[in-house]
Amino acid sequence: MKYGFFDDSNQEYVIHTPQTPYPWINYLGNERFFGLISNTGGGYAFYRDARLRRLTRYRYNNIPVDNGGRYFYIYDDGDYWTPGWMPVKRKLDQYECRHGLGYTSIMGERNGIRATQLAFVPLSFDGEVHQVKLRNTSPQIKRIKLFSFVEFCLWNAYDDMTNFQRNLSTGEVEVQDSVIYHKTEYRERRNHYAFFSANCPLAGFDTDREAFLGLYNGLDQPQTVIAGQASNSIASGWSPIGSHCIEVMLEPGEETSCNFVLGYVENPEDEKWESPGVINKKQAYAMIAQFANESDVERALSELRAYWNNLLSKYTVQTHDDKLNRMVNIWNPYQCMVTFNMSRSASYFESGIGRGMGFRDSNQDLLGFVHQIPERARERIIDIASTQFENGGAYHQYQPLTKKGNHEIGGGFNDDPLWLIVGTAVYIKETGDFGILDEHVPFDGDLDHTATLFEHLKRSFYHVVENLGPHGLPLIGRADWNDCLNLNCFSNTPDEPYQTTQNLEGRVAESVFIAGLFVYTGPDFVELCKRRGLDNEAAAAQAHVDRMRASTLEHGFDGEWFLRAYDHYGEKIGSKECEEGQIFIEPQGFCVMAGIGVEEGLAQKALDSTRDRLETPYGIVLQNPPYSRYYINLGEISSYPPGYKENAGIFCHNNPWIMMAEAVIGRGDRAFGLYSKIAPAYLEDISDIHRTEPYVYAQMIAGKDAVREGEAKNSWLTGTAAWNFIAITQSILGIQPEWDGLRIDPCIPKAWDEYTVTRIFRGDTYVIQIMNPQHVSKGVAAVTVDNTALTDNLLPVAGDGSIHQVKVLLGQTST
């Protein structure tokens, strides 16, 4: 391929040029400490919260776009360069970046020196490890100097980029041996500091940015590197950095390595100081000691690989299609883990400053992650529920460090509450842990005011029931799933936020999408009521679901497709009666997923209309025709140019809903065809058009009305990851966790002969061979488990921790 290739055996994507169409990044860390790293060494690191505990500084919207990171400069007899090409951009004789699962290795070679930078966050470790290996590939002795570089952020990333009158007077560091300690504000209200260590003797160091770079120089021309000599600067009141200078002599063919640790330490308040004015470094010493030798890095990296191999073993597939195998077995579940950790907070398109963890986002991210580490999913559900209000509404976002709701955004997004039911039901179906429903969970973070999680779910359900509009459909509030459809905003004022500005009373505008979500979610709530012996509550809830289904059919169908909404004036949105925005993708997916209109033949009409009106070579656009002007009654959706983002862009997050809807009506060829249109591995050949990483999903691809049709943006952190994993593994490949077992119900292309899924479920391993001799898309004719025939297609929970052989025959049954 032009820019790289998949190395499936090593579970890596290999990039062989630094000049990718856009920075192609990876994520480091799985638990508390995280980092972003690009294929040229750019990015930044933080502890738990990308806004409140940022360790290193990064400038978004910069020139060049990816400028700033963990850099290592090589000084070779007057020549200087960086192994990742950036920021110096000297020509390299060789270059290779390998993005793996939780680690990245970047190799550059120039003038007989090969430098390899390995970066990862070890398991249960609050810091990054960077191992730099230097090899002399020339026939001469090489005497070189290695300069490290990080620029420290002053903790709160928002304050760091705005409060210069204070911040340019607060920077403090401390240097001891080969360790640089960043301790800005530690002597006052903070109990945490960062350190940057090297396990090699130093020829010098720098901690002041101006001394290292020169006041008028950029990262491509640091004056200390140009001179080949560190200045031993101590930052005081200006911008603190960490830079080690290490002298290296290499015989021909000789290799050496140095371990660098960028770490984070919190001390108890009464143990902050080693002596007056000297920070307590005990934890830092212990962390540094863990990586004193080269073998320590090899051990930790091996543990990280074993960790990922275990997680990925929970669901694997073997088919005739290598691209499908690598998506399901490696890259899609890997992206699901990253989105679970990050929500939408920190990527190369999200600064980590303005957004925390999303209520709806985090619940949806659970779908693709819960099978990997269910106990972390359980904790996340409790955290999310803890931000709910007494009336069943919720904060739209919360900060991962404090776990408190974000007041700047507030609530009022009327789809949010239902996603808590979705996330909880998915967790219980995966684990069988009904006990989570009895956990006492606070409202709005108030530990003195709690209720069971089941009570939270009940309030989520009835928040919809108690907020219906004139047609018996759910009120949209500030927005539903589409945050840019703002039917109560009516803003003409620049800089007013569409999502939090509400200039008109919002008791008329209704969402057909929330109606579909309600009918999709309702059966899970009804079943939970039944399993708690609450038969009357179950019957009452079912009646509400039935009424919503009827209202949707009566007031939410437009003849050939489902309406999107009714606006503040009660006028239709997403109707053939509209001049623009006549059909939207969201209700076509979710209403059919909920079964609305399937028996009446309306579902097929809606999906056919989606195909005819919305589908493109690069995926399905959000609506058609696009809005050509700003509609004050619609809000942000009409503020984008045609073909971008919510204004008729290909919003990949909702494409899998159409795949799943196609599976509901049995059209396997359509379902898989749509899957392969946006799955990254299938787009590798068009990277010049697509631009973002060919191994992870993007949030948005420019639609057919855009100037740059097919160009992706907002990669990595998107609900696309979880929903596509569910679409392919459950709706298409057909292995579906239910309350009492695994349902086998594939919907595949008719041409497929067979495939095998290995699924670990509640401690048992099921090796499921699915055979399709009649070449059907849907229909299970027979199932055997360990040579015993089942009467239906539900695999019961064995509960013995053993491996079970399952054979499934697709086709028409004889009855």
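All figures in this text were calculated on a predicted structure; none of them were measured in a lab.

A. Structural detail: the overall build of the protein. When helices and strands are counted, the protein shows 19 helices and 44 strands. By the compact-globule yardstick of 28 Å for 815 residues, the protein fits well, its C-alpha radius of gyration being 28 Å. Each of the three principal axes of the protein carries a C-alpha extent, and together these read 80 × 60 × 55 Å. In the protein, buried positions account for 64% of the 815 residues. Summed over all atoms, the accessible surface of the protein reaches about 28600 Å², with 47% contributed by carbon and sulfur. Separation of charge centres in the protein, based on 73 positive and 105 negative side chains, amounts to 2 Å.

B. Local environment of the side chain of Thr224. As for its position among the elements, Thr224 is in helix 4 (residues 223–227). Setting aside chain neighbours within four positions, we find Thr224 in contact with Phe147, Asp206, Ala211, Phe212, Gln229, Ala230 and Ser231.

C. Structural detail: helix 19 (residues 720–732). Counting buried residues along helix 19, 12 of its 13 residues qualify, which places the element largely inside the surrounding structure. Thr720, Ala721, Ala722, Trp723, Asn724, Phe725, Ile726, Ala727, Ile728, Thr729, Ser731 and Ile732 are the residues of helix 19 that are buried. Once helix 19 ends, the next one or two residues include Gly734, with phi positive near 90 degrees.

D. Seen up close, the pattern of salt bridges. Inspection of the entire model under this criterion finds 59 salt bridges. Here Arg98 and Glu12 are joined by a salt bridge, their closest N and O atoms 2.5 Å apart. Placement of Arg98 in strand 9 (residues 94–99) and of Glu12 in strand 2 (residues 12–15) is noted, with a sequence separation of 86 residues between them. Under the relative-accessibility criterion, Glu12 is labelled buried at 6%. Between Glu738 and Arg743 there is a salt bridge; the shortest N-O distance is 3.1 Å.

E. Molecular detail of the nonpolar core. Judged by nonpolar contacts, the single largest core of 228 residues is most densely connected at Phe195 and Tyr675. Membership of the second largest hydrophobic core comes to 14 residues, among which are Tyr73, Tyr75, Phe147 and Cys245.

F. Region of the structure containing the environment of Glu711. One can find Glu711 in the loop between strand 35 (698–701) and strand 36 (712–715). Here the alpha-carbon distance between Glu711 and Ile686, two residues 25 residues apart in the chain, equals 9.7 Å. The contacts of Glu711, once residues within four sequence positions are left out, are Ile689, His690, Arg691, Met700, Ile701 and Ala702. A distance of 3.1 Å separates polar atoms of two side chains, one belonging to Glu711 and the other to Arg691.

G. Quick peek at the packing of aromatic side chains. Applying the stated criterion to the full structure yields 58 aromatic pairs. Ring centres of Tyr44 and Tyr58 lie 5.8 Å apart, and the angle between their planes is 35 degrees; on these two criteria the pair is classed as tilted. Here Tyr58 lies in the loop between strand 6 (54–56) and strand 7 (71–76) and Tyr44 lies in strand 5 (residues 43–47), a separation of 14 residues in the sequence. Neither Tyr44 nor Tyr58 differs from the other in exposure class; each is buried. Connected via pairs of aromatic rings, a cluster forms that spans Tyr3, Phe6, Tyr13, Trp24, Tyr27, Tyr307, Trp308, Trp331, Tyr334, Tyr695 and Trp716. In this arrangement the basic side chain of Lys281 is found over the ring face of Tyr181, its NZ or CZ atom lying 5.2 Å from the centre. If you follow Arg380 out to its NZ or CZ, it ends over the ring of Phe340, 4.0 Å from the centre.

H. Fine view of a negative patch on the surface. Together, Glu390, Asp444, Asp446 and Asp448 make up a negatively charged patch on the protein surface. As for its placement among the helices and strands, Asp446 is situated in strand 26 (residues 446–452).

I. Up close: empty space enclosed by the protein. In this structure the tally under the stated criterion is 6 cavities of 30 Å³ or more. Counted as a void, the largest cavity has a volume near 70 Å³. Every residue lining the largest cavity is counted, 14 residues in all, and those nearest its centre are Arg48, Asp49, Ala50, Ser345 and Pro400. Residues of the lining of the largest cavity, tallied by class, amount to 5 nonpolar, 5 polar and 4 charged. Taken as a whole, the second largest cavity encloses approximately 60 Å³ of empty space. Surrounding the second largest cavity, Arg344, Ser347, Phe349, Glu350, Arg355, Gln699, Asn714, Ser715 and Leu717 form its lining. Grouping the amino acids of the lining of the second largest cavity by side-chain chemistry returns 2 nonpolar, 4 polar and 3 charged.

J. Highlighting the environment of His320. Relative to the assigned elements, His320 resides in the loop between strand 22 (315–318) and helix 7 (322–342). By relative accessible area, His320 is classed as exposed at 57%.

K. Quick look at the pairing of strand 4 (residues 33–38). By the criterion of burial, strand 4 is predominantly enclosed, with 6 of the 6 residues buried. Sheet topology note: the strand 3 (residues 25–28)/strand 4 ladder contains 4 bridges and is antiparallel. Following the sheet pairing, Ile25 is matched in strand 4 by Ser38. For strand 4 and strand 5, the ladder comprises 5 bridges, and the chain directions are antiparallel. Residue pairing in the sheet places Gly35 in a bridge with Ala45 of strand 5. Between strand 4 and strand 5, which pair antiparallel and follow one another directly, the connecting turn spans 4 residues, one of which, Gly41, has a positive phi of 95 degrees.

The rules behind each value
Residues numbered from 1 in each chain as written. Predicted model: local features only at pLDDT ≥ 70, side-chain atom pairs only at ≥ 80, totals over all residues. Heavy atoms only, no water. Helix = DSSP H or I, 4+ residues; strand = E, 2+ residues; numbered from the N terminus. Rg over C-alpha atoms; globule rule 2.2 N^0.38 Å. Buried < 20%, exposed > 50% of the residue type's maximum accessible area, 1.4 Å probe, protein only. Areas by Shrake-Rupley, 256 points an atom, 1.4 Å probe, with all protein chains shown as cover. Lys, Arg positive; Asp, Glu negative; His and termini not counted. Charge placed at Lys NZ, Arg CZ, Asp CG, Glu CD. Contact = heavy atoms within 4.5 Å. Salt bridge = Lys/Arg side-chain N within 4 Å of Asp/Glu carboxyl O. Core = buried A, V, L, I, M, F, W, Y, C linked by side-chain atoms within 4.5 Å. Polar contact = N/O pair within 3.5 Å; in protein donor to acceptor, adjacent residues only side chain to side chain. Phe/Tyr/Trp six-rings, centres within 6.5 Å; stacked < 30°, edge-to-face > 60°. Lys NZ or Arg CZ within 6 Å of the ring centre and 35° of its normal. Patch = residues over 30% accessible without salt bridge, like charges linked within 9 Å, V, L, I, M, F, W, Y side chains within 5 Å. 1 Å grid on protein atoms, 1.4 Å probe; cavity = no way out; pocket = protein on both sides within 12 Å on 5 of 7 lines; lining within 4 Å. Points joined across faces, edges and corners; volume = space filled by probe spheres on them. Nonpolar A, V, L, I, M, F, W, Y, C, P; charged D, E, K, R; others polar. Pairing = 2+ DSSP bridges.

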